[in-house]
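# Structural characterization, general
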Amino acid sequence: MKKTFQLTEVDCGLCAQRIEDAVLRVEGVKAAHVNFATARLTLEADDEAFEAVLGRVKTAVTRADRDCRIE
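So, a few notes on the structure that sits alongside this text.

Cut-offs and rules
- Residues numbered from 1 in each chain as written.
- Predicted model: local features only at pLDDT ≥ 70, side-chain atom pairs only at ≥ 80, totals over all residues.
- Heavy atoms only, no water.
- Pairing = 2+ DSSP bridges.
- Helix = DSSP H or I, 4+ residues; strand = E, 2+ residues; numbered from the N terminus.
- Buried < 20%, exposed > 50% of the residue type's maximum accessible area, 1.4 Å probe, protein only.

This brings us to the pairing of strand β1 (residues 2-8). Of the strand pairs in this sheet, β1 and strand β3 (residues 40-45) are connected by 5 bridges, and their pairing is antiparallel. Of the residues in β3, the one forming a bridge with K3 is L43. Here 2 bridges tie β1 to strand β4 (residues 69-70), and the two strands are oriented antiparallel to one another. Along β4, the bridge assignment pairs T8 with R69.

Dropping the structure here:
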């Protein structure tokens with residue numbers, strides 16, 4: 001499954017890259033891309049595990065940038 005989410009408080013390109021790198025390290029993530037210009041995260045993971053992976057991704061995003069959240 002592939003879904004796109006809006007991110008809040010992505011302040012710079014370096015922040016976007018740091019968030020993307022953190023998400024890519026999350027177990028179960030097949031692919032991820034953060035677009036700084038649109039402040040969107042595109043996330044791909046297996047259908048049956050998507051919700052569990054998303055929970056871990058939300059934690060990883062907050063750890064990478066304490067002000068950023070997935071809406």
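Let us look at the pairing of strand β2 (residues 29-35). Where β2 lies against β3, 6 bridges are found, and the strand directions are antiparallel. Across the sheet, the residue bridging to H33 is T42, located in β3. The turn linking β2 back onto β3 is made up of 4 residues, and A39 within it adopts a positive phi angle of 55°.

As a further point, take unusual backbone geometry. Residue E9 is not a glycine yet carries a positive backbone phi of 60°. Structurally, the position occupied by E9 is in the loop between β1 and α1 (13-24). Owing to a relative accessible area of 47%, E9 belongs among the partly exposed residues under this scheme. Of note in the backbone geometry, A39 takes a positive phi value of approximately 55° without being a glycine.

Purely geometric numbers; function is a separate question.
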